[in-house]
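The chain contents come next:
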Amino acid sequence: MFARSALRAASKPTAAASPLLQRFTYATAATSHPAHFSAQAVEQANPHGMEISKAQRIAEDGFWSAIGNTPLIKMNTLSKQTGCTILGKAEFQNPGGSVKDRAAKFLVQDAEEKGLLKPGGTVVEGTAGNTGIGLAHVCRNKGYKMAIYMPNTQSQGKIDLLRLLGAEVYPVPAVPYDNPDNYNHQAQRHAERLDNAIWTNQFDNIANRQAHIETTGPEIWAQTGGKLDAFTCASGTAGTIAGVTRYLKTVSEGRVKCYVADPPGSVIYTYVSSGGKMTERKGSSITEGIGQGRITENLKPDIDLLDGALHIPDEKSIEMVYRCLDEEGLYLGASSCLNVAAARDLAEKMGPGHTIVTILCDGAYRYADRLFSRKWLESKGLVNAIPEHLHKYIVLE
């Protein structure tokens, strides 16, 4: 009897009901008349969500067709502080959890279309990060076998995840790219030993770049209605920065400014800033999957389109990890936050009134044991880079 009375009481909005509730018929378990759940009432309650759902429809081909069409998220605090509109493309919402799902799809699709990969074949890649995870997901979806070579400096957790996704994982000694035993070269030789196998070669296979010319760039342009002034993100394989830059420069007839963001230990910042002078790679960074010691084939066609480069030290990246969590509720990895820091720096460089887009590559879930560990932060000398009031998030020893 009490429960029934409580349900009746809940079936009517109070005088303080929100404007949202007042716009359509209020319904609970006690007021289950069909009219209360009409499509019109529901659509009035969530018009934006319904619009997106209708546009996305059903991913008929499973994981493969669910990749892309990620939202742009406004970084409200940074936007307010800079007087610009700073937007992050939420690539962590891809089904495999990162921007690399796009490259994985196009690398495999390209091999299929060229007749290089047939049903039951094997995909081989040298990767220390998200491309391997994206490829492993795609291979499970498409029925291919997967083999991954990676430096033996990678965490056991990452190795375990790839094996859980069905990949054969070969940790090998970490040596420079020009060494024939570099993990990329070993991956290539592995593929050459097999029938019906491909080495996807993410760094120099321009199908990677094409993924962003055909999907990421057009999505950003459509989502902003063409009203953006600049784009920035880091370069690892360079597929994202090159592909998005090529598309945005073309569709805007050169109006949109494009800047590459670069961590310590990479040569891209120096190369772009000096007009093409290559320097020796020195130092290292806490960020993973970005920074480079050479100009990849993905970057070569578009490097001259870049308007400049932004050097982002680890101190700025780790501060932004904690700021994004505290101010925006976004749990992002260090590479994502390097991009956010670059967007903030670019906003300050350009001045108020501009719209700047960057890439939120992935979440912090795969890096939490380091990014939120006091011991690890101390070992990198980064504790003092985090504002004192945000130390409450350093919850791991």
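Below is a short write-up of the structure. Quick caveat, the model's predicted, so the values are computed rather than measured. Position labels on residues start from 1 in each chain and follow its written sequence. Predicted model: local features are reported for residues with pLDDT of at least 70 only, side-chain atom pairs are reported and counted for 80 or more only, and whole-chain, interface and lining totals are derived from all residues. With hydrogens and water excluded, all non-hydrogen atoms of the structure serve as input to the side-chain values.

## Side note on the packing of aromatic side chains
Formally: Paired rings are identified among Phe, Tyr and Trp, the last through its six-membered ring, by centres lying within 6.5 Å, and are further divided according to the angle between planes into stacked (under 30 degrees), edge-to-face (over 60) and tilted (the rest). Numbering of helices and strands starts at the N terminus; helices are DSSP runs of H or I of at least 4 residues and strands are runs of E of at least 2. Only protein chains enter the accessibility calculation, which uses a 1.4 Å probe. A residue is then buried if its area is under 20% of the maximum for its type, exposed if over 50%, and partly exposed in between.
Enumeration according to the criterion identifies 4 aromatic pairs in this entry. Measuring from ring centre to ring centre gives 5.2 Å for Tyr322 and Phe372, while their planes differ by 50°; the resulting arrangement is tilted. Here Tyr322 is found in helix H14 (residues 314-328), whereas its partner Phe372 is found in the loop between helix H16 (368-371) and helix H17 (374-379), with 50 residues between them in sequence. For the pair Tyr322 and Phe372, a shared accessibility class is recorded, and that class is buried. Ring centres of Tyr331 and Phe372 lie 5.6 Å apart, and the angle between their planes is 25°; this geometry places the pair in the stacked category. Separated by 41 residues along the polypeptide, Tyr331 in the loop between H14 and helix H15 (334-350) and Phe372 in the loop between H16 and H17 bring together distant segments of the chain. Residue Tyr331 is classed as partly exposed on the basis of its relative accessible area of 27%.

## Examining the sheet that holds strand S9 (residues 308-311)
Note the following rule: Any two strands are treated as partners once DSSP identifies two or more bridges connecting them. Every axis corresponds to a line fitted to the C-alpha atoms, with the helix fit spanning only the stretch in contact, and the corresponding angles, defined between N-to-C directions, vary from 0 to 180 degrees. In this description, contact between two residues means that some pair of their heavy atoms is separated by no more than 4.5 Å.
If you trace the 6 strands from one edge of the open sheet to the other, you get S1-S2-S10-S7-S8-S9, paired in mixed fashion. Lying at the two open borders of the sheet, with one neighbouring strand each, are strand S1 (72-74) and S9. Adjacent strand axes in the sheet meet at a mean angle of 30° when their direction is disregarded. Two strands pair when backbone bridges link them, and S1 and strand S2 (residues 85-90) are joined in this way by 3 bridges, in the antiparallel orientation. Pairing of Ile73 across the sheet is with Gly88, part of S2. Strands in contact with H15 are S2, strand S7 (230-234), strand S8 (257-262), S9 and strand S10 (355-360); relative to S10, the strand with the most contacts, it is inclined by about 170°.

## Brief notes about the pairing of S7
Side chains on a regular strand alternate between the two faces of the sheet. Taken across its 5 residues, S7 has 5 buried, putting it largely inside the fold. Where burial is concerned, the two faces of S7 agree: the one with Ala230, Thr232 and Ala234 and the one with Phe231 and Cys233 are both buried. Two elements, S7 and S8, share 5 bridges in a ladder whose sense is parallel. In the strand pairing of S8, Thr232 is matched with Tyr259. Of the strand pairs in this sheet, S7 and S10 are connected by 2 bridges, and their pairing is parallel. Residue pairing in the sheet places Ala230 in a bridge with Ile356 of S10.

## A look at the pairing of S2
For S2, the tally of buried residues reaches 5 of 6 residues, placing the bulk of the element in the interior. With 6 bridges joining them, S2 and S10 adopt parallel strand pairing. Note on S10: the bridge partner recorded for Thr85 is Thr355.

## Some points on the environment of Pro95
As for its position among the elements, Pro95 is in the loop between S2 and helix H7 (100-113). Along the sequence, Pro95 and Gly68 sit 27 residues apart, while their C-alpha atoms lie 8.8 Å from each other. Leaving out residues up to four positions away in the same chain, Pro95 has contacts with Phe63, Ala66, Ile67 and Asp101.

## Details of the packing of H14 against H15
Angle between the axes and distance between the axes are the two parameters that describe a pair of packed helices. Note the cut-off: Angles are sorted into four bins: roughly parallel if under 35 degrees, roughly antiparallel if over 145, roughly perpendicular if 65 to 115, and oblique for all others. Residues are grouped as follows: Ala, Val, Leu, Ile, Met, Phe, Trp, Tyr, Cys and Pro are nonpolar; Asp, Glu, Lys and Arg are charged; all remaining types, including Gly, are polar.
It is the contact of H14 with H15, at a shortest axis distance of 8 Å, that shows an interaxial angle of 95°. Relative to H15, H14 is oriented roughly perpendicular. Seen from H14, the contacting residues are Lys316, Ser317, Met320, Val321, Arg323 and Cys324; seen from H15, they are Ala334, Cys337, Leu338, Val340, Ala341, Arg344 and Asp345. For the contact of H14 with H15, the class distribution of residues is 8 nonpolar, 1 polar and 4 charged.

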